[in-house]
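# Close look at the chain arrangement
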Amino acid sequence: MGTVDVYLTTHHGKKTSSSPQMVWALHPKVAIMNNGPTTGGSVEAWTTVHNSPGLLDLWQLHKALLNDKSHNSGESYIANLDEHCEGSWIKLTAAQDGSFTVENSRTGYSKSYKK
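Since this is a predicted model, take the numbers as computed values, not measurements.

Counting through the fold element by element, Ser-73 comes out in the loop between strand E3 (57-62) and strand E4 (78-80). Relative accessible area serves as the criterion here: at 14%, Ser-73 is assigned to the buried category. Within polar-contact distance, the side chain of Ser-73 engages the backbone oxygen of Leu-58 at 2.6 Å. Beyond its immediate sequence surroundings of up to four residues, Ser-73 is in contact with Trp-46, Leu-58, Trp-59, Gln-60 and Ile-78.

Here we come to empty space enclosed by the protein. Going through the model one piece at a time under the given rule, you end up with one cavity of 30 Å³ or more. In this structure, the largest cavity spans a volume of roughly 30 Å³. If you go around the largest cavity, the residues you meet are Asn-80, Leu-81, Asp-82, His-84, Cys-85 and Glu-86. Considered class by class, the residues forming the lining of the largest cavity number two nonpolar, two polar and two charged.

Quick notes on the rules
- Starting afresh in each chain, residues are numbered from 1 along the sequence in its written order.
- Two thresholds apply to this predicted model, a pLDDT of at least 70 for residue-level local features and 80 or more for giving and counting side-chain atom pairs, whereas whole-chain, interface and lining totals are computed over all residues.
- Note: side-chain values were computed over all heavy atoms of the structure, leaving out hydrogens and water.
- Every helix listed is a DSSP run of H or I at least four residues long, and every strand listed is a run of E at least two residues long, numbered separately from the N terminus.
- Note on classification: 1.4 Å probe, protein chains only; a residue is buried when its accessible area is under 20% of the maximum for its type, exposed when over 50%, partly exposed between these limits.
- Between N or O atoms, a polar contact is any pair within 3.5 Å; within protein, one atom must be a potential hydrogen donor and the other a potential acceptor, and residues adjacent in sequence are included only when both atoms are from side chains.
- Residue contacts follow a heavy-atom distance rule, with two residues in contact if any of their heavy atoms lie within 4.5 Å.
- Throughout, the protein atoms alone are placed on a 1 Å grid, and a set of points is a cavity if a 1.4 Å probe fits but cannot get out or a pocket if it is open with protein on both sides within 12 Å along at least five of seven lines; lining residues have an atom within 4 Å of a point.
- Grid points are joined across faces, edges and corners, and a volume is the space filled by probe spheres set on the points.
- Side-chain classes follow a simple rule in which Ala, Val, Leu, Ile, Met, Phe, Trp, Tyr, Cys and Pro form the nonpolar group, Asp, Glu, Lys and Arg form the charged group, and the remainder, Gly included, forms the polar group.

The structure is reproduced here in structure tokens:
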């Protein structure tokens, strides 16, 4: 199948998604977890993605409120921090040269990744 630059987690990062064999074989540079505040973002899925060899960053749509601090990304990488979603987003912009940028609308923080 080959490797990928960005991995969008499956099934919102629920406990039964994102097997280590699949995620680690994809060897993503960056992952984006499309979880809700209490849906998905499970410790199991988060750990699988976070520990993927070569992963640089894990971005989350929501802070996983059922997880402790060690099973959430840093706040710069989380679009929505509270149970009541403000509608903040994470945007990925790809360039023709294979580089890409990920942006958090809540904070305005963005990070660029080289090919």
